[in-house]
Structure formats: structure tokens, C-alpha cells
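These are the residues of each chain, in order.
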Amino acid sequence: MVHAAGTRSFSHDARGSLIADTRPAGAGVTLAYDDHARLASYARAGAETQAMLYNGFDERVGLTMESVGEVLNAVTYKFLDDILWRQVGRLSAQ
């Protein structure tokens, strides 16, 4: 994809899942998936990194966000779902 600022490109793994989104000026996003093709991590250049945690029912039950290179600023969240599996809350584990 070409923009006035430069070229934007996308990379996919063998399953067809997006693993990289490279944007003009070097900024971009890197994604990783677990063995069940669930999003395991999301990293944006110059921003926080996110790691997801799932339970045995394939529900996302946790999210850890880490500031750029600073493990001390990590925040972990737990998610609450209703009976129809809709996310109804997010709790900080700290």
C-alpha cells in the first residue's frame, strides 16, 4: 500500500495471520500467535508491548502491558465475562 509518506507493507505467516505491519519511517507493528493461532503478543514500534493470556476455553483472561523496555512498568489485567461470553470488566492485578 502506498501513501504520500511512503510505502506500507504487510507480512503473514503460513496460516495467513498478520505478523507484521511495516509503516513509513520505520514505524510498525509486530504480532505473534500461540500454537492455537490465538494472538499472543502485540508490539508497536516506540510504544508498549502487550502479551495475552488464555484459559482452556480459549477465552482471553489476561493482558500484560509493558512500557518500552521497562519491565517495572508492566501492568497485568484480568477480564470478566458475562454468561454470553461478552467482556464486562477488566481488573488490574496489581
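Look above for the structure.
All of these numbers come straight from a predicted model, not from anything done at the bench.

Novice: Is there a simple way to think about a nonpolar patch on the surface in this case?
Specialist: A cluster of nonpolar side chains, Leu80, Val88 and Leu91, forms an exposed patch at the surface whose accessible area comes to about 270 Å². Here Val88 shows up in strand β10 (residues 87–92).

Novice: Would you take a moment to explain the pairing of strand β7 (residues 49–54) for this structure?
Specialist: Looking down a regular strand, the side chains alternate between one sheet face and the other. Burial of β7 is one-sided: the residues Gln50, Met52 and Tyr54 facing one way are buried, the residues Thr49, Ala51 and Leu53 facing the other way are not. Alignment of strand β6 (residues 39–44) against β7, held across three bridges, turns out to be antiparallel. The residue bridging Ala43 from the neighbouring strand is Thr49, located in β7. Two successive antiparallel strands, β6 and β7, enclose a turn made up of four residues, where Gly46 displays a positive phi of approximately 75 degrees. Alignment of β7 against strand β8 (residues 60–67), held across six bridges, turns out to be antiparallel. Opposite Met52, over in β8, you have Leu63 as the bridge partner. Taking the residues that link successive antiparallel strands as the turn, the β7-β8 hairpin has five residues, and the phi of Asp58 there is positive, at about 65 degrees.

Parameters at a glance
- Here, residues in each chain are numbered from 1, in the same order as that chain's written sequence.
- Thresholds applied to this predicted model are a pLDDT of at least 70 for local features of residues and 80 or more for the giving and counting of side-chain atom pairs; totals over whole chains, interfaces and linings are not thresholded and use all residues.
- Computation of side-chain values covers all heavy atoms of the structure but excludes hydrogens and water.
- Patch rule: a residue counts if its relative accessible area is over 30% and it has no salt bridge; like charges are joined within 9 Å, and nonpolar side chains (Val, Leu, Ile, Met, Phe, Trp, Tyr) within 5 Å.
- Here the Shrake-Rupley method, with its probe set to 1.4 Å, supplies the accessible areas, and only the displayed protein chains count as covering residues.
- Each reported salt bridge corresponds to a side-chain nitrogen of Lys or Arg within 4 Å of a carboxyl oxygen of Asp or Glu.
- Runs of E in the DSSP output that reach at least two residues are strands. Runs of H or I that reach at least four are helices, and both are numbered from the N terminus.
- Burial classes follow relative accessibility: with a 1.4 Å probe on protein chains only, a residue under 20% of its type's maximum area counts as buried, one over 50% as exposed, and anything between as partly exposed.
- Strand pairing is defined by DSSP finding a minimum of two bridges between the two strands.

Limitation: the analysis is restricted to geometry and does not speak to function.
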